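Remarks on the overall topology
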Amino acid sequence: MRWWVISVLGVLTLAFAAEYPPLLAHVLSYLSQNMRYSSKEPPDTPKPKAEYDFIIVGAGSAGSVLANRLTEINDWNILLIEAGGPEIMMMNIPMLAPMLQFTSANWRYYSEPSKHACMGLKGGRCPLPRGKVMGGSSVLNFMVYARGDARDYDGWAAMGNKGWAWKDVYPYFLKSEDLLIKDNWVQPEKHGKGGYLSVGTAPYKSPLVHAFVKAGVELGYKISDYNSGDISGFSFVQSTIKNGSRMSTSQAFLHPIRKRKNLNVVKYAMVTKIIMEKDRAVGVEYIKNNRRFTVRASKEVILSAGAINSPQLLMLSGIGPRDHLQSLGIKVVKDLPVGYNLMDHPVIGYVIYTVDKPVSAYEEIVTDAKVIDDYIHHRKGLLTITGGLEGVSFVDVFKPPGTKSFPNLEIQFCTSSPLSLPFVNANFGISDEIYNKVYNMNGKKVYSYLMFMTVMHPKSRGRISLRSTDPLAKPRIDIGFFNHPDDVKVLVKGVEFTKNISNTRAFAEFNPKLYDKPIPQCARH
Ligand SMILES: Cc1cc2nc3c(=O)[nH]c(=O)nc-3n(C[C@H](O)[C@H](O)[C@H](O)COP(=O)(O)OP(=O)(O)OC[C@H]3O[C@@H](n4cnc5c(N)ncnc54)[C@H](O)[C@@H]3O)c2cc1C
């Protein structure tokens, strides 16, 4: 078990012992649950074979599913290689999701400074968290289960991506899912039952998220099952959780198959190169415990190392833009535009409203004995909220509700904000100067909510490139946020839209006030 888990549990144990003597027993019980939990993950294979049928690089969202499906074929041997270590139970407490970014389970990538974005953040860089652990980013993420809109898939198919139309992918969504939600805002006929991946909702719902969904209806939007193929509307979140705990893809797809003899897993193993023979990938090199290993694949090497590491590994292996590879002295195997066309969703993270009632999550929830008892003993309460995120809406900010439109903005509704949970400022990487001038409440308890706004179909593009030939050096990430002005227009309109939401009758009882203290650098605008 990691030192930080032991320290957190130690502090919690001492804090509880005085106020809630039975809690000591609960904490110990949690520790023993963790031991049992750890034994469910496929173990590290001490001596992998020299050759497998398939090698999968990265045990994240994609890699876990692939390892499960491929090992269904008894005759195929699969090696799954993961740079990170085991997932531990503490990582499954939904409300603690933001804290995981401060652990070794995060690759800790940052964007390059840019003249359009991330300027109020430390060093002018946006933190770009990615999971480095069994389960990958599905261990760090905020658990929102969102398939996307049918029109997006059909658009990709129309671009020539055979097999990606909604009608092609939808059966796989059904197959993989185990819907646990019984509420009437979900259309059960659009969901799967009995699959590996549990989809539920947090047992706790704050009064604020109820107001958020009602506000949507008041403004003329429908309460939607955003996983039905049409995302438009307002809703509570559907989450990859079960019994109030995170369900990562490792838990969903790897734990149940840990006894399959044709699956080997190596953990803490960093793949440094794909071995190419002519145009064919025939194996990989990896480093573990400072030793270098080579393993061959008779059928395929599958690269599922995530949106940052996969292109990095391709380029290190000679697959990438000729000029770039040659400038670093890498032999070109295939000249391809790897690393270009990087797309992520530009966001405004800090549209905050303060409220005058104690209805939002606050900093002390991580040390409040009652809140912790609720979670450890009953798997309910504030700690089951997925990273503080409870509601979601997808709207077209340029068109009134009810008209035919394709949403261009996603609003994630959070039952707290960095004013109430100051540690979240570190997640965003807010600079000390801006934090102290704008967001530091100096210990004053503030209740608030936040609408986290995301551009749905960004036009901005970035690029990933190599900094050096050292596979352990972080690649250069030019995230490209806001290099297209249309993305800014969507978000500006989105901020106005949050005012409409907060001005509804649904929110009136909380007396919300936009927290509009100007950031000094923006005051002139
Ligand atoms: C903080 C955060 C919040 C998010 N919230 C949501 C959300 O609420 N809902 C949602 O749908 N999506 C969310 N996402 C995005 C989602 O989690 C990712 O899109 C998804 O997990 C990516 O899956 P992947 O398999 O491509 O990569 P990953 O899951 O990142 O897996 C890649 C794996 O490869 C391993 N790896 C990388 N390089 C190597 C190497 N060289 N050798 C060996 N192993 C390697 C990594 O350690 C990792 O385990 C979030 C992501 C983050 C980081």
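Residues numbered from 1 in each chain as written. Predicted model: local features only at pLDDT ≥ 70, side-chain atom pairs only at ≥ 80, totals over all residues. Heavy atoms only, no water.

Threshold: UniProt positions are given in the numbering used here, feature names are shortened, and annotations may be inferred rather than shown by experiment.
Where an unreviewed UniProt entry is consulted, the protein chain appears under the name GMC_OxRdtase_N domain-containing protein, with the organism given as Rhodnius prolixus. Its UniProt record gives the protein chain a comment under Cofactor (unreviewed entry), which states: "FAD". In the Sequence similarities (unreviewed entry) part of its UniProt record, the protein chain is described as follows: "Belongs to the GMC oxidoreductase family."

Re the overall build of the protein chain
Test applied: A helix here means a DSSP run of H or I that spans at least four residues, while a strand means a run of E at least two residues long, and both kinds are numbered starting from the N terminus. We compute the radius of gyration from the C-alpha atoms alone; for a globule the expected value is 2.2 Å times N to the 0.38, where N is the number of residues. Partly exposed describes any residue whose relative accessible area lies between the buried limit of under 20% and the exposed limit of over 50%, with all areas from a 1.4 Å probe on protein chains only and scaled to the type maximum. Contact between two residues is taken to exist if any of their heavy atoms lie within 4.5 Å; hydrogens are not considered. Only the protein chains shown count as cover for residues, and all accessible areas are computed by the Shrake-Rupley method using a 1.4 Å probe. Note on charges: Lys and Arg go in the positive column, Asp and Glu in the negative column, and His and the chain ends are not counted at all. Throughout, a charge is located at the NZ atom of Lys, the CZ atom of Arg, the CG atom of Asp or the CD atom of Glu.
Counting its secondary structure elements, the protein chain contains 15 helices and 22 strands. Its C-alpha radius of gyration of 23 Å places the protein chain within 12% of the 24 Å reference for a compact globule of 525 residues. With respect to the principal axes defined by its C-alpha atoms, the protein chain has extents near 65 × 55 × 50 Å. Within the protein chain, buried positions represent 54% of all 525 residues. Looking at the protein chain alone, contacts between residues at least 24 apart form 72% of all its contacts between residues at least 6 apart. When the accessible area of the protein chain is evaluated, it comes to approximately 23,900 Å², of which 57% is carbon and sulfur surface. Considering the protein chain, the positive charge centre built from 63 side chains and the negative charge centre built from 46 side chains are found 3 Å apart.

Some words on the sheet that holds strand β7 (residues 233-236)
What counts, and what does not: When DSSP finds at least two bridges between two strands, those strands are taken to pair. Helix axes are fitted to C-alpha atoms over the stretch in contact, other axes to C-alpha atoms as well, and angles between N-to-C directions run from 0 to 180 degrees.
Strand order in the open sheet formed by six strands is β7-β17-β18-β19-β16-β22, and the pairing between neighbours is antiparallel. The strands lining the two open edges of the sheet, one partner per strand, are β7 and β22 (513-514). Summarising the sheet, strand β17 (residues 389-395) and strand β18 (residues 409-414) pair through six bridges and their orientation is antiparallel. Bridging across to β18, V392 finds its partner in Q412. Of the strands in this sheet, β7, β16 (347-355), β17, β18, β19 (447-455) and β22 touch helix α14 (residues 485-502), which is tilted by about 145° from β19.

Observations regarding the sheet that holds strand β10 (residues 263-266)
Spatial ordering of the open sheet is given by β10-β2-β1-β13-β12-β11, a layout of six strands whose pairing is mixed. Either end of the sheet is taken by a strand with one partner, and the two such strands are β10 and β11 (270-277). Recorded for the sheet is a direction-independent mean angle of 40° between the axes of neighbouring strands. Bridge count between strand β1 (residues 51-57) and strand β2 (residues 78-81): four bridges; the pairing is parallel. Residue pairing for β2: I56 is matched across the bridge by L80. Of the strands in this sheet, β1, β2, β10 and β13 (291-303) touch helix α3 (residues 61-70), which is tilted by about 155° from β1. In this fold helix α9 (residues 306-316) packs onto β1, β11 and β13, with an angle of close to 45° to the strand it touches most, β11.

A short note on the site of the ligand
Here is the rule we go by: For this description, a residue counts as near a given molecule or strand if any of its non-hydrogen atoms is within 4 Å of it. What qualifies as a polar contact is a pair of N or O atoms within 3.5 Å, subject to a donor-acceptor requirement within protein and to the restriction that residues adjacent in sequence count only when both atoms come from side chains. Polarity classes work like this: nonpolar for Ala, Val, Leu, Ile, Met, Phe, Trp, Tyr, Cys and Pro, charged for Asp, Glu, Lys and Arg, and polar for all others, with Gly in that last group.
Around the ligand sit 30 residues in total, of which S61, A62, E82, S137 and V271 are the nearest. At 2.6 Å, a side-chain N or O of E82 approaches an oxygen atom of the ligand. Here an oxygen atom of the ligand and a backbone polar atom of V133 are 3.3 Å apart. For the shell around the ligand, a count of residues per class yields 16 nonpolar, twelve polar and two charged.

What about the nonpolar core?
Defined as follows: Put simply, a nonpolar core is a bunch of buried Ala, Val, Leu, Ile, Met, Phe, Trp, Tyr and Cys residues held in one set by side-chain atoms that sit within 4.5 Å of each other. Segmentation into domains, and thus their bounds, comes from an automatic or database assignment.
Ranked by size, the top nonpolar core spans 131 residues in total, and within it I81, F212, V284, L383, Y439, I501 and F507 carry the most contacts. Here this core gets seven residues from one element, more than from any other, and that element is β19. Split by domain, the residues of this core number at least three in each of domain 1 (1-89 + 250-335) and domain 2 (144-159 + 199-239 + 347-457 + 484-522). Those residues in contact with F507 that lie beyond four places of it in its chain are L208, A211, F212, A215, F413, Y449, I501, S502 and P512.

A look at empty space enclosed by the protein
Applicable threshold: The rule is simple: put a 1 Å grid over the protein atoms alone, call a set of points where a 1.4 Å probe fits but cannot get out a cavity, call an open set with protein on both sides within 12 Å along at least five of seven lines a pocket, and count a residue as lining if it has an atom within 4 Å of a point. Grid points are joined across faces, edges and corners, and a volume is the space filled by probe spheres set on the points.
Taken as a whole and assessed by the stated rule, the structure comprises one cavity of 30 Å³ or more. Considering the residues around the largest cavity, the lining is formed by T201, A202, Y204, K205, V209, F236, V237, I385, T386, L389 and E390.

Remarks on the UniProt feature "domain: Glucose-methanol-choline oxidoreductase N-terminal" (unreviewed entry) in the protein chain
Under the feature "domain: Glucose-methanol-choline oxidoreductase N-terminal" (unreviewed entry), the UniProt entry names residues 306-320. Taken as a whole, residues 306-320 contains 73% helix and 13% strand, while its terminal C-alpha atoms sit 16 Å from one another.

A word on the layout of surface pockets
Computed from the structure, the second largest pocket encloses a volume of approximately 440 Å³. Taken together, 20 residues make up the lining of the second largest pocket; nearest its centre are Y37, K40, K242, S245 and Q251. Those elements that provide at least two residues to the lining of the second largest pocket are α2 (21-38), β9 (245-246) and α8 (249-254). Here the element with the most residues in the lining of the second largest pocket is α2; it accounts for four residues.

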